[in-house]
Amino acid sequence: AQRVTQPEKLLSVFKGAPVELKCNYSYSGSPELFWYVQYSRQRLQLLLRHISRESIKGFTADLNKGETSFHLKKPFAQEEDSAMYYCAIRDDKIIFGKGTRLHILP
Amino acid sequence: DAMVIQNPRYQVTQFGKPVTLSCSQTLNHNVMYWYQQKSSQAPKLLFHYYDKDFNNEADTPDNFQSRRPNTSFCFLDIRSPGLGDAAMYLCATSRAGMGEETQYFGPGTRLLVL
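These figures come from a predicted structure and were not determined experimentally.

Q: Is there a simple way to explain a nonpolar patch on the surface in this structure?
A: There is a patch of nonpolar side chains on the surface, built from Val 12, Leu 112 and Leu 114 of chain B and spanning about 290 Å² of accessible area. You can see Val 12 of chain B is positioned in strand E2 (residues 10-13).

Right, here's the structure in full:
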């Protein structure tokens, strides 16, 4: 069965420092991977999807099939990046990881 | 703005008393989902409707039912809520079959069972 693992429950990063939120997956096929974000008191929303290969709010994520990873990265953290981030994989349904809470320190 | 709406935002019910959570959408999406999210856990899919076709997850308890009377509305019925059913319930929609699989989430309904 496909699975998504986010090893960090909480990640604290100073403003201006690089951010990397880790995501590893297990899947026997060509995965479709996503990052969803939930800001405080807001709804869960899509941040980016790997097939788009786009940068959203300065975040990028590269699918590494060799390492089965889809880490989310941003070179310079901003305070407004503080949120809950969920990695997700899609087969016939979307399966979410348990999430990582990103806390940007001033 | 087109969106996914969930009512109420907070629902308190008693142990064993049936409760219904509502979701509506103005996106005209053909797929609607219900997720359960407990504290510090990932959202867990309960079931979804692909148009009128109901798809139940294998591990969704029989206590949970759903209705979709039309494209815009979907309901989650919990027949006999237990204390373990207290959670955030998320509704989501997507436009499957059109190359766009992004899910759009509502704000959620937090259910408290007394």
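Q: Sorry if this is basic, but what is going on with the sheet that holds strand E3 (residues 19-21) of chain A here?
A: Think of a sheet as strands paired side by side through backbone hydrogen bonds, with each pair either parallel or antiparallel. Residue and element names in this part refer to chain A. In space, the 3 strands of this open sheet follow the order E3-E8-E7, with antiparallel pairing throughout. On the outer flanks of this sheet lie E3 and strand E7 (60-61), each paired with one strand and no other. As paired strands, E7 and strand E8 (residues 72-74) are joined by 2 bridges and run antiparallel to one another. Residue pairing across strands places Ala 61 opposite Leu 72, the latter belonging to E8.

Q: I keep staring at the side chain of Glu 57 of chain B and nothing clicks. Help me out?
A: Looking at the secondary structure, you find Glu 57 of chain B in the loop between strand E6 (53-56) and strand E7 (64-67). A relative accessible area of 12% places Glu 57 of chain B in the buried class. For Glu 57 of chain B, the contacting residues outside a window of four places in its chain are Lys 93 of chain A together with Leu 45, Leu 46 and Phe 47 of chain B.

Q: Please explain the packing of aromatic side chains as it appears in this structure.
A: For any pair of aromatic rings, the description consists of the separation of the ring centres together with the inter-plane angle of the planes. Summed over all chains, the structure comprises 13 aromatic pairs over all chains. The interplanar angle of 80° and the centroid separation of 5.7 Å between the aromatic rings of Phe 96 of chain A and Tyr 35 of chain B together place this pair among those described as edge-to-face. Of this pair, Phe 96 of chain A sits in strand E10 (residues 94-96) while Tyr 35 of chain B sits in strand E4 (residues 31-37), placing the two residues on different chains. Pairing Tyr 35 of chain B with Phe 105 of chain B gives two aromatic rings, centres 5.5 Å apart and planes at 40°, and the pair type is tilted. In this pair, Tyr 35 of chain B sits in strand E4 while Phe 105 of chain B sits in strand E10 (residues 100-105), placing the two residues 70 residues apart along the sequence. Residues Tyr 35 of chain B and Phe 105 of chain B agree in their burial class; the two are buried. Among the aromatic residues, ring-to-ring pairing joins Phe 34, Tyr 36, Tyr 86 and Phe 96 of chain A together with Tyr 33, Tyr 35 and Phe 105 of chain B into one connected group.

Q: Could you clarify how one ought to interpret the layout of surface pockets in this entry?
A: Which parts of space are left empty comes out when a probe the size of a water molecule is rolled across the atoms. A volume near 760 Å³ is recorded for the largest pocket. In terms of lining residues, the largest pocket is bounded by 26 residues, among which Gln 38, Tyr 86 and Arg 101 of chain A together with Gln 37 and Arg 110 of chain B are the most central. Elements supplying a minimum of two residues to the lining of the largest pocket: strand E9 (83-90) of chain A together with strand E9 (87-95) of chain B. In terms of residue class, the lining of the largest pocket is built from 8 nonpolar, 10 polar and 8 charged. Approximately 240 Å³ is the volume attributed to the second largest pocket. The wall of the second largest pocket is formed by 14 residues, among which Ile 95 of chain A together with Pro 43, Lys 44, Leu 45 and Asp 59 of chain B lie closest to the centre. Contributions of two or more residues to the lining of the second largest pocket are made by E10 of chain A together with E4 and strand E5 (44-50) of chain B. The dominant element in the lining of the second largest pocket, judged by the number of residues it contributes, is E10 of chain A, at 3 residues. For the lining of the second largest pocket, the residue count by class is 7 nonpolar, 2 polar and 5 charged.

What counts and what doesn't
- Sequence order sets the numbering: in each chain, residues are counted from 1 along the sequence as written.
- By the order in which they are written, chains take letters starting at A while ligands take numbers starting at 1.
- Local features in this predicted model are restricted to residues of pLDDT 70 or higher, and side-chain atom pairs are both shown and tallied only at a pLDDT of 80 or more, whereas totals for entire chains, interfaces and linings draw on every residue.
- Side-chain numbers here rest on the full set of heavy atoms in the structure, without hydrogens or water.
- Any residue with relative accessible area above 30% and no salt bridge may belong to a patch, with like charges joined within 9 Å and the nonpolar Val, Leu, Ile, Met, Phe, Trp and Tyr side chains within 5 Å.
- Only the protein chains shown count as cover for residues, and the accessible areas themselves come from Shrake-Rupley with a 1.4 Å probe.
- Basic side-chain nitrogens of Lys or Arg form a salt bridge, by our definition, when they fall within 4 Å of a carboxyl oxygen of Asp or Glu.
- Here a strand is any run of E in DSSP of at least two residues, a helix any run of H or I of at least four, and the numbering for each starts at the N terminus.
- Two strands make a pair as long as DSSP finds a minimum of two bridges between them.
- With a 1.4 Å probe rolled over the protein chains alone, any residue whose accessible area is under 20% of its type maximum counts as buried; one over 50% counts as exposed, and the rest are partly exposed.
- Any two residues whose heavy atoms approach within 4.5 Å are treated as being in contact.
- Pairing of aromatic rings covers Phe, Tyr and Trp, the last through its six-membered ring, and needs centres within 6.5 Å; plane angles under 30 degrees mean stacked, over 60 mean edge-to-face, and all others mean tilted.
- Two kinds of site are reported from a 1 Å grid over the protein atoms alone, namely cavities, where a 1.4 Å probe fits but cannot get out, and pockets, open sets with protein on both sides within 12 Å along at least five of seven lines, and residues are called lining when an atom falls within 4 Å of a point.
- Grid points are joined across faces, edges and corners, and a volume is the space filled by probe spheres set on the points.
- Each residue gets one of three labels, nonpolar for Ala, Val, Leu, Ile, Met, Phe, Trp, Tyr, Cys and Pro, charged for Asp, Glu, Lys and Arg, and polar for the others, Gly among them.

Take it as geometry only, folks, not as evidence of what the structure does.
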